[in-house]
Amino acid sequence: MRPSDINELITAAEEANMRWKEAFNAGDAKRCAFLYEKSATMRAEPFGIFKGRDAIQAFWQTLIDQGFSDVEYMEPKIEVQDASTAILTTDWTMNKAYGQIHREVWALQEDGTAKFREDVFEAHE
């Protein structure tokens, strides 16, 4: 893999991650869910497993409706897995919870953007 390909993938993942945080902090569950691939899987401990964009959107909408906001990532690390996927890990915090992201798989799309393929995290209140 060329360094330019690695940089393109990391940049796409960072930009998509920033857009997701902006959407969540703005209370926009639909925009959050749009950043997941249609068949993405999300495992949110202790809440459960959510498959597909509609189920993921419903999960985020529930949290937003309960007043969760102001998510921040603490020293995120992105590792390139292959030519089209990168994995982000980090601790996170928000106004009513904190936790760890064990595995955000960001997949490069045909248009050069990245979307969640898999999201595995845990939350504590």
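Just so we're clear, the structure is a prediction, and the values are computed from it rather than from any experiment. (Residues numbered from 1 in each chain as written. Predicted model: local features only at pLDDT ≥ 70, side-chain atom pairs only at ≥ 80, totals over all residues. Heavy atoms only, no water.)

Trainee: I keep staring at the pairing of strand E6 (residues 114-124) and nothing clicks. Help me out?
Mentor: The side chains of a regular strand alternate between the sheet's two faces. As paired elements, strand E1 (residues 36-45) and E6 share six bridges and run parallel to each other. Within E6, the position partnered with Arg 43 by the bridge is Val 120. Sheet topology places strand E5 (residues 98-108) next to E6; 10 bridges connect them, and they run antiparallel. Each residue of the ladder has a partner; that of Ala 107, found in E6, is Lys 115. Turn length for the E5-E6 hairpin, with the two strands adjacent in sequence and antiparallel, is five residues, and the turn residue Gly 112 shows positive phi of about 90 degrees. (Pairing = 2+ DSSP bridges. Helix = DSSP H or I, 4+ residues; strand = E, 2+ residues; numbered from the N terminus.)

Trainee: Whenever I open this one, the packing of aromatic side chains confuses me. Can you help?
Mentor: Pairs of aromatic rings are described using the distance from one ring centre to the other and the angle between the two planes. Evaluation of the coordinates by the stated rule reveals 12 aromatic pairs. Seen in terms of ring centroids, Trp 20 and Trp 60 are 5.0 Å apart; in terms of plane orientation they differ by 65 degrees. Their pairing is edge-to-face. In this pair, Trp 20 is assigned in helix H1 (residues 3-25) and Trp 60 in helix H3 (residues 53-65), connecting sequence segments 40 residues apart. By relative accessible area, which is 4% here, Trp 60 ends up buried. (Phe/Tyr/Trp six-rings, centres within 6.5 Å; stacked < 30°, edge-to-face > 60°. Buried < 20%, exposed > 50% of the residue type's maximum accessible area, 1.4 Å probe, protein only.)

Trainee: How do you make sense of the pattern of salt bridges when you look at a structure like this?
Mentor: Taken as a whole, this structure holds four salt bridges when the rule is applied. Linking Glu 37 and Arg 117 is a salt bridge whose minimum nitrogen-to-oxygen distance equals 2.8 Å. In this pair, Glu 37 is assigned in strand E1 and Arg 117 in strand E6, connecting sequence segments 80 residues apart. Look at Arg 117 and you get partly exposed, because its relative accessible area is 37%. Note that Glu 118 and Arg 103 form a salt bridge whose closest N and O atoms lie 3.1 Å from each other. Here the residue Glu 118 occupies a position in strand E6, and Arg 103 occupies one in strand E5, the gap between them amounting to 15 residues. On the accessibility criterion, Arg 103 (29% relative accessible area) is partly exposed. (Salt bridge = Lys/Arg side-chain N within 4 Å of Asp/Glu carboxyl O.)

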